Amino acid sequence: MLEGKVAIITGAARGIGKAIAQKFAQNHANLALISRSARVLEVADELQKMGVKVVGYQLDVSDFDRCQQIGKQIIEEFGRVDVLVNNAGITRDNLLLRMTEQDWDDVIRVNLKSVFNMTKAVMSQMIRQRSGSIINMSSVVGRGGNAGQANYSASKAGIIGFTKSLAKELGARNIRSNAIAPGFIETDMTKSLPEDVRKNWIQTIPLRRVGAPEDVANVALFLASDLSSYITGQVINVCGGIDI
Ligand SMILES: NC(=O)c1ccc[n+]([C@@H]2O[C@H](COP(=O)([O-])OP(=O)(O)OC[C@H]3O[C@@H](n4cnc5c(N)ncnc54)[C@H](OP(=O)(O)O)[C@@H]3O)[C@@H](O)[C@H]2O)c1
């Protein structure tokens, strides 16, 4: 489904980002993978064995200048960019009374500013190509809020505003911009939850299970592919049907 396309995926070393990278590689995309740690280089080596071109880049996506440098490097290396998946994210959960300025700034920089940084790094190339699909990882808590996650839900709500604005700004250039809002997905980000909290949470999910990273990757594949060519400015929930 992605034959001949070049995709950039941030936060690709683990969890949802890695599942998206695997899914895109299975569908014959060439990949530029980004994460904060050197782990991404191992993931790139692993996926290259699937017969596609994969290059790993160690980068802190909250650093504007480095994002522009790496974006330029990727365009030189691959010649084009068809898909950008802004997936890297962190949590620094706490009730607002106890939340520090650092907790707020870290989450907004890594989750929200990174989306601006990476989009700025590739949008001129997409405009030149007159095509592109930008996929931003929001969250159901960006739509519904969550106690203890004021910073995180603000960052994820910000991503939705950004995604919708971009769809309006770039639609005439055939560049699409959509967001995915996952619910509770089984990754390192959620594994620290106590068992009783987890059990109670599952009872609120109509499909009665937590999601797998692949459930999100399937939607990313759809949004990256030409099957979604008339879809832009949308937020697609991948949450087992919970009420937001
Ligand atoms: N899991 C869920 O239930 C859930 C629900 C809704 C939304 N989401 C969103 O989905 C996305 C992926 O979540 P996940 O659960 O897969 O998280 P995860 O397992 O914790 O993985 C996060 C990824 O982001 C990378 N990353 C973090 N900070 C970075 C930075 N400053 N620069 C570059 N890369 C950075 C990490 O890199 P390293 O591996 O190098 O550290 C890692 O590859 C996030 O945006 C998250 O908010 C997750």
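Scroll up a little and you will see the structure.
As a convention, each chain's residues are numbered from 1 in the sequence order in which they are written. Totals for whole chains, interfaces and linings use all residues, but because this is a predicted model, local features are given only for residues with pLDDT of at least 70 and pairs of side-chain atoms are given and counted only at 80 or more. Note that the side-chain values use all heavy atoms of the structure and ignore hydrogens as well as water.

Undergrad: Tell me about the site of the ligand, residues and numbers included.
TA: Proximity criterion: a residue is near a molecule or strand once any of its heavy atoms comes within 4 Å of it. Around the ligand sit 31 residues in total, of which S35, S37, N87, Y152 and T187 are the nearest. Between an oxygen atom of the ligand and a main-chain N or O atom of G11, the distance comes to 3.3 Å. Side-chain polar atom of R39 to an oxygen atom of the ligand: 3.3 Å apart, as the coordinates give it. Each accessible area is a Shrake-Rupley estimate made with a 1.4 Å probe; only the visible protein chains count as cover when residues are assessed. Burial of the ligand by the surrounding chains reaches 97%, relative to a free accessible area of 900 Å². Of all the elements in the fold, those that place two or more residues in the shell around the ligand are helix 1 (15-26) and helix 6 (150-170). Looking at the shell around the ligand residue by residue, the classes come out as 14 nonpolar, 11 polar and six charged. In protein, a polar contact means a hydrogen-donor-capable atom and an acceptor-capable atom, both N or O and within 3.5 Å, with residues adjacent in sequence counting only if both atoms are side-chain atoms; elsewhere, any N or O pair within 3.5 Å suffices. A run of H or I in DSSP becomes a helix once it reaches four residues, and a run of E becomes a strand once it reaches two; helices and strands are each numbered from the N terminus. Charged means Asp, Glu, Lys or Arg here, nonpolar means Ala, Val, Leu, Ile, Met, Phe, Trp, Tyr, Cys or Pro, and polar covers whatever is left, Gly included.

Undergrad: Go over the pairing of strand 3 (residues 54-58), please, and point to the residues and values.
TA: Along any regular strand, the residues point their side chains to alternate faces of the sheet. Relative to strand 3, strand 2 (residues 30-35) runs parallel, the two being bridged by five bridges. Looking at the pairing, L33 lines up with G56 of strand 3. Note on handedness: a crossover is taken as right-handed if, strands pointing away from the viewer, the path from the first strand over the helix to the second is clockwise. As for the winding sense of the linkage, the β-α-β connection from strand 2 through helix 2 (residues 39-48) to strand 3 is right-handed. Strand pairing is assigned whenever DSSP identifies at least 2 bridges connecting the two strands.

Undergrad: Give a detailed account of helix 8 (residues 213-224), specifying residues and quantitative values.
TA: The length a helix should cover is 1.5 Å for every residue beyond the first. For helix 8, built from 12 residues, the straight-helix expectation of 16 Å at 1.5 Å per residue is met to within 8% by its first-to-last C-alpha distance of 16 Å. Accessible area is worked out with a 1.4 Å probe on protein chains only. A residue is then buried under 20% of its type maximum, exposed over 50%, and partly exposed in between. Those residues of helix 8 not exposed but buried are P213, V216, A217, V219, A220, L221, L223 and A224. Lining the buried residues of helix 8 we find helix 1, strand 4 (83-86), strand 5 (132-137), strand 6 (175-182) and strand 7 (235-238). Whether two residues are in contact is decided by their heavy atoms: any pair within 4.5 Å suffices.

Undergrad: Which residues make up the packing of helix 1 against helix 8, and what values go with them?
TA: For any two helices packed against each other, the geometry is given by the interaxial angle and the distance between the axes. Between the N-to-C directions of two axes lies an angle of 0 to 180 degrees, each axis being a line fitted to C-alpha atoms and, for a helix, fitted only over the stretch in contact. Put simply, helix 1 and helix 8 touch, their axes get as near as 8 Å, and they point 50° apart. Considered as vectors, helix 1 and helix 8 are oriented oblique to each other. Between helix 1 and helix 8 lies a crossing whose hand is right-handed. Residues G15, I16, A19, I20, K23 and F24 of helix 1 form the contact with helix 8, whose participating residues are P213, E214, V216, A217, N218, A220, L221 and A224. Its residues assigned to classes, the contact of helix 1 with helix 8 comprises 10 nonpolar, two polar and two charged. To sort the angles, those under 35 degrees are grouped as roughly parallel, those over 145 as roughly antiparallel, those from 65 to 115 as roughly perpendicular, and the leftovers as oblique. Two helices that cross are described as forming a left-handed crossing if the nearer one is turned anticlockwise from the farther one by less than a right angle, and a right-handed crossing if clockwise.

Undergrad: Describe the environment of L2, listing the residues and the values that go with them.
TA: By the secondary structure assignment, L2 is in the segment before strand 1 (6-10). Classification of L2 by relative accessible area gives buried; the value is 0%. On a C-alpha basis, the gap between L2 and I134 in space is 14 Å, while along the polypeptide they are 132 residues apart. When sequence neighbours within four positions are dropped, the list of residues in contact with L2 reads F24, N27, H28, A29, L221, A224 and S225.

Undergrad: Now, about the environment of K191: what can you tell me, with residues and values included?
TA: Here K191 shows up in the loop between strand 6 and helix 7 (195-203). Between the C-alpha atoms of K191 and K164, which are 27 residues apart in sequence, the distance is 31 Å. At 3.2 Å, the side chain of K191 forms a polar contact with the side chain of D188.

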